[in-house]
Amino acid sequence: MANELLDKALADLERAVEAVRTAAEYSPDAAGAVAHGVSGGVIDPFVFRLAIFVLSIFVGYYVVWSVTPALHTPLMAVTNAISSVIVVGALLAVGISLSGIATGFGFVALVLASVNIFGGFLVTQRMLAMYKKKEK
Amino acid sequence: MSQNLAAFLYLVSGVLFIMALRGLSHPTTSRRGNMLGMTGMGIAIVTTLILAAPSIGGLLLIVVGLALGGGAGAYIARSIPMTSMPQLVAGFHSLVGLAAVLVAAAALYSPAAFGIGEVGSIHGQALVEMALGVAIGAITFTGSIIAFLKLDGRMSGKPIMLPSRHVINAALLALIVFFIVGLALTESHFNFWAIVLLSLVLGVLIIIPIGGADMPVVVSMLNSYSGWAAAGIGFTLGNLALIITGALVGSSGAILSYIMCKGMNRSFISVILGGFGGETAAVVDDGIQRTVKQGSADDAAFLMANASKVIIVPGYGMAVAQAQHALRELADKLKENGVEVKYAIHPVAGRMPGHMNVLLAEANVPYDEVFELEDINSEFAQADVAYVIGANDVTNPAARDDKSSPIFGMPILDVDKAKTCLFVKRSLGSGYAGIDNTLFYKDGTMMLLGDAKKMTEDIVKAMNH
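Residues numbered from 1 in each chain as written. Chains lettered and ligands numbered in written order. Predicted model: local features only at pLDDT ≥ 70, side-chain atom pairs only at ≥ 80, totals over all residues. Heavy atoms only, no water.

- With an unreviewed UniProt entry as reference, chain B is termed NAD(P) transhydrogenase subunit beta, source organism Mycoplana dimorpha.
- Listed in UniProt under the heading Function (unreviewed entry), the comment for chain B reads: "The transhydrogenation between NADH and NADP is coupled to respiration and ATP hydrolysis and functions as a proton pump across the membrane."
- UniProt, in the comment section headed Sequence similarities (unreviewed entry), describes chain B in these words: "Belongs to the PNT beta subunit family." (UniProt positions renumbered as here; feature names shortened; annotations may be inferred.)

- Under an unreviewed UniProt entry, chain A has the name proton-translocating NAD(P)(+) transhydrogenase and belongs to Mycoplana dimorpha.
- Comment text from UniProt for chain A, heading Subcellular location (unreviewed entry), reads "Cell inner membrane".

**Let's talk about the environment of B:Lys158**
Residue and element names in this part refer to chain B.
Then, in step 1: Looking at the element boundaries, Lys158 is found in the loop between helix 5 (124–151) and helix 6 (165–186).
Then, in step 2: Remark: the alpha-carbon pair of Lys158 and Leu359, spanning 201 residues in sequence, is separated by 25 Å.
Then, in step 3: Not counting the four nearest positions on each side in its chain, Lys158 is found in contact with Lys150 and Ile208. (Helix = DSSP H or I, 4+ residues; strand = E, 2+ residues; numbered from the N terminus. Contact = heavy atoms within 4.5 Å.)

**Observations concerning the UniProt feature "transmembrane region" (unreviewed entry) in chain B**
Residue and element names in this part refer to chain B.
Then, in step 1: The residues that UniProt annotates with the feature "transmembrane region" (unreviewed entry) are residues 6–24, 36–53, 59–77, 89–110, 130–149, 170–186 and 192–210.
Then, in step 2: Secondary structure over residues 59–77 splits into 100% helix and 0% strand, and the C-alpha atoms at its two ends are 26 Å apart.
Then, in step 3: Secondary structure over residues 170–186 splits into 100% helix and 0% strand, and the C-alpha atoms at its two ends are 24 Å apart.

**Regarding the pattern of salt bridges**
Residues and elements named next belong to chain B.
Then, in step 1: All told, the structure shown has 17 salt bridges over all chains when counted by the stated rule.
Then, in step 2: Its salt-bridge partner being Asp416, residue Arg400 comes within 2.5 Å of it at the nearest N-O pair. With Arg400 in helix 16 (residues 398–401) and Asp416 in the loop between helix 16 and strand 5 (420–425), this pair connects stretches of sequence that are 16 residues apart.
Then, in step 3: Relative accessible area serves as the criterion here: at 29%, Arg400 is assigned to the partly exposed category. (Salt bridge = Lys/Arg side-chain N within 4 Å of Asp/Glu carboxyl O. Buried < 20%, exposed > 50% of the residue type's maximum accessible area, 1.4 Å probe, protein only.)

**Remarks on the domain arrangement of chain B**
Then, in step 1: Taken domain by domain, chain B consists of domain 1 (1–79), domain 2 (84–273) and domain 3 (297–463).
Then, in step 2: Centre-to-centre, using C-alpha coordinates, domain 1 of chain B lies 41 Å away from domain 3 of chain B. (Domains from an automatic or database assignment.)

**Observations regarding the interface of chain B and chain A**
Then, in step 1: If you look at the interface, chain B gives 105 residues, while chain A gives 79 residues.
Then, in step 2: Approximately 8100 Å² of surface area, both sides summed, lies buried where chain B meets chain A, with 78% of it carried by carbon and sulfur atoms.
Then, in step 3: Interface area lost by chain B to chain A is led by B:Leu24, B:Met41 and B:Phe235, which between them contribute 7%.
Then, in step 4: Linking chain B with chain A are 0 salt bridges, by the criterion used here.
Then, in step 5: Summed over the shared surface of chain B and chain A, the result is 17 residue pairs in polar contact (both at pLDDT 80 or more). (Buried area = accessible area lost by both parts, 1.4 Å probe. Polar contact = N/O pair within 3.5 Å; in protein donor to acceptor, adjacent residues only side chain to side chain.)

**A few points about a nonpolar patch on the surface**
Residues and elements named next belong to chain B.
Then, in step 1: There is a patch of nonpolar side chains on the surface, built from Met1, Leu5, Phe8, Leu11, Val15, Met19, Val46 and Ile50 and spanning about 690 Å² of accessible area.
Then, in step 2: Breaking the nonpolar patch down by element, the ones donating at least two residues are helix 1 (3–23) and helix 2 (27–52).
Then, in step 3: Top contributing element to the nonpolar patch by residue count: helix 1, with 5 residues.
Then, in step 4: Relative to the helices and strands, Phe8 resides in helix 1. (Patch = residues over 30% accessible without salt bridge, like charges linked within 9 Å, V, L, I, M, F, W, Y side chains within 5 Å. Areas by Shrake-Rupley, 256 points an atom, 1.4 Å probe, with all protein chains shown as cover.)

**Considerations on the packing of aromatic side chains**
Then, in step 1: Within the structure shown, the criterion is met by 13 aromatic pairs over all chains.
Then, in step 2: Ring geometry for B:Phe423 versus B:Phe440: centroids 5.0 Å apart, planes at 75°, classification edge-to-face. Separated by 17 residues along the polypeptide, B:Phe423 in strand 5 and B:Phe440 in the loop between strand 5 and strand 6 (445–449) bring together distant segments of the chain.
Then, in step 3: Given the relative accessible area of 0%, B:Phe440 is considered buried.
Then, in step 4: For the ring pair B:Phe440 and B:Tyr441, a centre distance of 6.3 Å and an interplane angle of 65° mean the geometry is edge-to-face.
Then, in step 5: Members of the aromatic cluster, joined through ring pairs, are A:Phe46, A:Phe53, B:Trp228 and B:Phe235.
Then, in step 6: Taking NZ or CZ as reference, B:Arg351 lies 3.7 Å from the ring centre of B:Tyr316, over its face. (Phe/Tyr/Trp six-rings, centres within 6.5 Å; stacked < 30°, edge-to-face > 60°. Lys NZ or Arg CZ within 6 Å of the ring centre and 35° of its normal.)

Below, the structure written as structure tokens:
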């Protein structure tokens, strides 16, 4: 009976230690957040992402208008290849996901995106190699 | 690797992607640009691998996946004929769309792997971003498959018009929005798959009513969609490379769609609503007996050999007949005789932006002999011969002169201003838009009836005599 109580108390103690440790681990973050808050920088990361997104749209707008019409087909092929950077999501899913089904989804996505990465860049290269200037 | 360093490296790969697109401003810089793009992709993949630090089993699975997909991709890239480029690009778009859906599904089932919370406690905002990415990705997937089938000729290019399809599409869209809200509030997997299913259906319904020759717009639009889908997933995962790339690809596709629509003088909305070119518009018979002057390969050879300037106008028919190599031979022959040869490309010639340029490049036509509509249109008046091969509607003077024509206002190549217009065509039928081409009946026009490749080869032969 006493033993049982002792075990229970020990278990409780262990849990408490664990909780303290977790709290300690997180506290630097919390401190950082507070400092951040004091400095007036409480901006949701979403806003930063949105800013990058919006600016990238503008960059894309100007860069794409400067693409010569003769290269519009390679442009489509290469944009296709780079949009397969979605492979990073697939890699994370295959590499560290804990549920089997997520790994499965990730694996299929990985195969599809790799088809696109290799296919897209290589076919672009093949096309671009054909564009030649007049021989003088 | 720290999250900050990883984010920085993702930014680097995003910048490399921007430089890859920037390189395409000129053929000489484009090859280096493509290399930069590949480098960017390499950086993104390696960064993710270090960040994820997969177990041996996981790493093995990744290597197998990369090898499988990469092998298939490399094989396709090497073996595909250049004339099949539009369907290849459409097919590739569908893969990006499906990959986006699957990555989102993986994130939903195993959010911890992506650092976006636990099952049941994913942030509502992340769920909305995910749902948007999934919906657009699924639409891209099925839409691109339909576009692929139409471009590949496995499905009729004719528009398929469902009754009250606008109502159906609007209802589907409303349902998708409803389930997106539901997903954000409950994180229920049922809602997720409902969004996927409805979007897959919507993707099919959006593309089937759009006719074959409007495909340049569709392919560009799906290009754009695949970008927005990637960006949506990028927001969910907080990945800079994905957000930047998604925005780049999204705006690139949107600009190309805009250029294509302008090339046809049609609004984007009217293309998307579809139906154009379906009804075989009855040519109004005004009772006037119109005569067509027909010629032979010998006549054409004589005219061209004695010309001082020839402008070649290729169109989709050239791609179908695979006539680009024969055409280059013809041009070489003419140049030997001291004839000035130029090529004029209409923005919507072919089935995707830049389609004709790639085919001509494949046939070793130097790119500095190939001109866009606005750069060459004024030169037709000084040309002795305009050789129209496989193009039709883009040369129809009715677009310029006849206010009642359905294609009125569409910019055209002024081939009728050349002294003689040689028009290669299979038969005297109307073009895609179902409109009679008034060019056929003009005095300066000579029709060369026959297969584009065969006719061009015959002309070369006739010149050798």
